[in-house]
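# Coordinate inspection notes
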Amino acid sequence: MPGLLRGVARTAVVAGTATAVSNRVSRRQAGRWAEQDAERQGAYQQAAAPPTPAAPPTSEASPPGADEMSSKIDQLKQLGDLKAQGVLTEEEFAAQKRQVLG
């Protein structure tokens, strides 16, 4: 009889430990997913925000359209970063790129 009780007690301890570890892993994984969702949500909101108008040229030495070109380049870099992060799909990236380039 003592052998049977020992076996039952050991099984209960192992099962309890496994449940506790499993719950902790689940909570940690859910927290990471929530962080990733928050980051993606912020990136989506940035991508959906209307582009800010380009500032008028402050220097007479810069060629006409230089500020506009640098603004487009900055926007394309941001789109590329969002695509690299997996926020934008290839199709979304292409559509946004066409919109920026006009």
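Preceding block: the structure.
Please read all numbers here as calculations on a predicted model, not as lab measurements.

### Considerations on the overall build of the chain
- Secondary structure assignment for the chain yields three helices and zero strands.
- Of the regular secondary structure in the chain, the N- to C-terminal order runs α-α-α.
- Going through the 102 residues of the chain one by one, you find that 7% of them count as buried.

### Regarding helix α2 (residues 66–84)
- The end-to-end C-alpha separation of α2 is 27 Å, in line with the 27 Å expected for 19 residues at 1.5 Å each.
- After α2 finishes, the residue Gly86 shows a positive phi value of roughly 90 degrees.

### Re the nonpolar core
- Within the largest apolar cluster, seven residues are counted, these being Ala43, Leu79, Leu82, Val87, Leu88, Phe93 and Val100.
- Those elements giving two or more residues to this core turn out to be α2 and α3 (90–101).

### A few points about α3
- Here α3 is twelve residues long and its end C-alpha atoms lie 16 Å apart, about the 16 Å a rise of 1.5 Å per residue gives.
- In the segment just after α3, Gly102 is the residue with positive phi, at about 75 degrees.

### Examining the packing of aromatic side chains
- Per the stated rule, a full pass over the model turns up zero aromatic pairs.
- Over the ring of Phe93 we find Lys83, and its NZ or CZ is 5.0 Å from the ring centre.

### Quick word on the pattern of salt bridges
- Taken as a whole and judged by the stated rule, the model has two salt bridges.
- Taking the shortest distance from any N to any O, the salt bridge between Glu68 and Lys72 comes out at 3.5 Å. Here Glu68 and its partner Lys72 are both found in helix α2, four residues apart, which amounts to about one turn of the helix.
- Residue Glu68 is classed as partly exposed on the basis of its relative accessible area, which comes to 46%.
- Residue classification places Lys72 among the partly exposed residues on the basis of a relative accessible area of 22%.

Parameters and conventions
- Residues numbered from 1 in each chain as written.
- Predicted model: local features only at pLDDT ≥ 70, side-chain atom pairs only at ≥ 80, totals over all residues.
- Heavy atoms only, no water.
- Helix = DSSP H or I, 4+ residues; strand = E, 2+ residues; numbered from the N terminus.
- Buried < 20%, exposed > 50% of the residue type's maximum accessible area, 1.4 Å probe, protein only.
- Expected span 1.5 Å × (residues − 1).
- Core = buried A, V, L, I, M, F, W, Y, C linked by side-chain atoms within 4.5 Å.
- Phe/Tyr/Trp six-rings, centres within 6.5 Å; stacked < 30°, edge-to-face > 60°.
- Lys NZ or Arg CZ within 6 Å of the ring centre and 35° of its normal.
- Salt bridge = Lys/Arg side-chain N within 4 Å of Asp/Glu carboxyl O.

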